[in-house]
Amino acid sequence: MKFVYIICGMLVSCAAMAQENEVFILPGGQTIVTPAFRVYVATGYKPSEKNIEFLKSLKEKIPEMQLVTFDAAKDNRNMLLCRGSFPVYGPNKTPFSSLMEAALNMELVASGVTNENSARIQATLDEFDFSSFGGGAWKMSATFSAPGKASFSVKNEYTFPVSFKAVTGCGEIMKAMETGIESFLSKVYSTPGFVALMQ
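In what follows, the accompanying structure is described. (Residues numbered from 1 in each chain as written. Predicted model: local features only at pLDDT ≥ 70, side-chain atom pairs only at ≥ 80, totals over all residues. Heavy atoms only, no water.)

## Describing the overall build of the protein
For clarity, the cut-off: Only DSSP runs of H or I reaching four residues or more are called helices, and only runs of E reaching two or more are called strands; each is numbered from the N terminus. For every residue, the accessible area (1.4 Å probe, protein chains only) is compared with the maximum for its type, and the residue is labelled buried under 20%, exposed over 50%, or partly exposed between those bounds. Should any heavy atoms of two residues lie within 4.5 Å, those residues are considered in contact. Here the accessible surface of atoms and residues is derived via Shrake-Rupley with a 1.4 Å probe, and residues count as covered only by protein chains that are part of the display.
Broken down by element type, the protein carries six helices and 10 strands. Each of the 199 residues in the protein was classed as buried or not, and the buried ones make up 44%. At a minimum sequence separation of 6, the contacts of the protein that also span at least 24 residues come to 67%. On the protein, roughly 10100 Å² of surface is accessible, and the fraction owed to carbon and sulfur atoms is 54%.

What follows is the structure in structure tokens.
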């Protein structure tokens, strides 16, 4: 996943940058104003070859896999704050539940064993968050279900070194998001409940 740091002279003029701010209303009514150049925006998720190969290895157990739909009604957030002042968005400010749905389904389709006409597995994104103090970590969890079958939940924490400096540390957080998603999806696929739900 690539991330764009909006830098004067690169993507926008200095004059335009000076005039543009992001205004955020936080829970409790608190408002913060952040210069646009301090906003981190993801540009997408590249399917993991390792995850795709693992999915292909499940073909004997699961001849046809179903795609997955994430329910955005529970948590439709599209922004997290890093160090209390650096907004972090998904690609095109897409909600994180939609980002996870797209990442998972891209890998399922790339495995070549999906039946796109079958009913979809339902999922809720229970957690999509990070920590940037005392070491970096992406924390993700989700619950998957289908009518007449046992649901299952997966929780994963991907850890990595992170700088104590805010700008550098938040950049490292964002650079690790793709690997965090890859790690989470790998755990989903290797969970016994995944095979049982897809059969």
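Now that the structure is up, let's keep going.
## Focus: helix α5 (residues 177–190)
Put simply, the test is: The span you would expect from a helix comes to 1.5 Å times its residue count less one. Directions are taken from the helix axis to each C-beta atom, and the arc is the one they span.
The end-to-end C-alpha separation of α5 is 20 Å, in line with the 20 Å expected for 14 residues at 1.5 Å each. Those residues of α5 not exposed but buried are M177, E178, G180, I181, F184, L185, V188 and Y189. Projected down its long axis, α5 shows its buried positions confined to an angular sector of 170°, all on one face.

## Quick word on the environment of A42
With respect to the element layout, A42 can be found in strand β4 (residues 40–42). When the C-alpha positions of A42 and P91 are compared, they lie 4.5 Å apart, and in sequence the two are 49 residues distant.

## Points about the packing of helix α2 (residues 49–57) against α5
Heads up, the rule is: As a rule, the C-alpha atoms of each element are fitted with a line to give its axis, helices using only the stretch in contact, and angles between N-to-C directions run from 0 to 180 degrees. Any angle from 65 to 115 degrees is called roughly perpendicular, while one under 35 is roughly parallel, one over 145 is roughly antiparallel, and all others are oblique. Only Asp, Glu, Lys and Arg are considered charged in this grouping, and only Ala, Val, Leu, Ile, Met, Phe, Trp, Tyr, Cys and Pro are considered nonpolar; every other residue, Gly among them, is considered polar.
Where α2 contacts α5, the two axes come as close as 10 Å, and the packing angle between them is 10°. The orientation of α2 relative to α5 falls into the category roughly parallel. On the side of α2, the interface is formed by K50, N51, F54 and L55, while α5 contributes E182, L185, S186, Y189 and S190. Residue composition of the contact of α2 with α5, by class: four nonpolar, three polar and two charged.

## Quick notes on the sheet that holds strand β8 (residues 121–131)
For sheets, the rule is that strands pair by backbone hydrogen bonds, running either parallel or antiparallel. Quick reminder of the rule: DSSP-based pairing: two strands are paired if at least 2 bridges between them are found.
One open sheet accounts for four strands, arranged β5-β8-β9-β10; its pairing is mixed. Lying at the two open borders of the sheet, with one neighbouring strand each, are β5 (68–70) and β10 (152–160). Adjacent strand axes in the sheet meet at a mean angle of 25° when their direction is disregarded. Bridge count between strand β9 (residues 136–145) and β10: nine bridges; the pairing is antiparallel. Within β10, the position partnered with M140 by the bridge is N156. Of the strands in this sheet, β5, β8 and β9 are in contact with helix α3 (residues 96–110), which crosses β5 at around 175°. Relative to the sheet, helix α4 (residues 166–175) contacts β8, β9 and β10, its axis offset from that of β9 by approximately 35°.

## Re the side chain of S141
Assignment of secondary structure puts S141 in strand β9. With relative accessibility at 10%, the residue S141 sits in the buried group. Those residues within four positions of S141 in sequence are excluded, and the remaining contacts are T124, L125, D126, E127, V154, K155 and F184.

## Things to note about the pairing of β9
Taking burial as the measure, the 10 residues of β9 include seven buried ones, the bulk of the element. What sits between the antiparallel neighbours β8 and β9 is a turn of four residues, in which G134 has the positive phi angle 65°. Taking the residues that link successive antiparallel strands as the turn, the β9-β10 hairpin has six residues, and the phi of G148 there is positive, at about 80°.

## Considerations on the environment of V167
Structurally, V167 is set in helix α4. Judged by its relative accessible area of 48%, V167 falls in the partly exposed class. Through-space distance from the C-alpha of V167 to that of R83 is 9.0 Å; in sequence the pair is 84 residues apart. Every residue in contact with V167, bar those within four places of it in the chain, is listed here: Y40 and F86.

## Quick look at unusual backbone geometry
Unusually for a residue other than glycine, K93 sits at a positive phi of about 60°. With respect to the secondary-structure elements, K93 resides in the loop between β7 (86–89) and α3.

These figures capture arrangement, not role.
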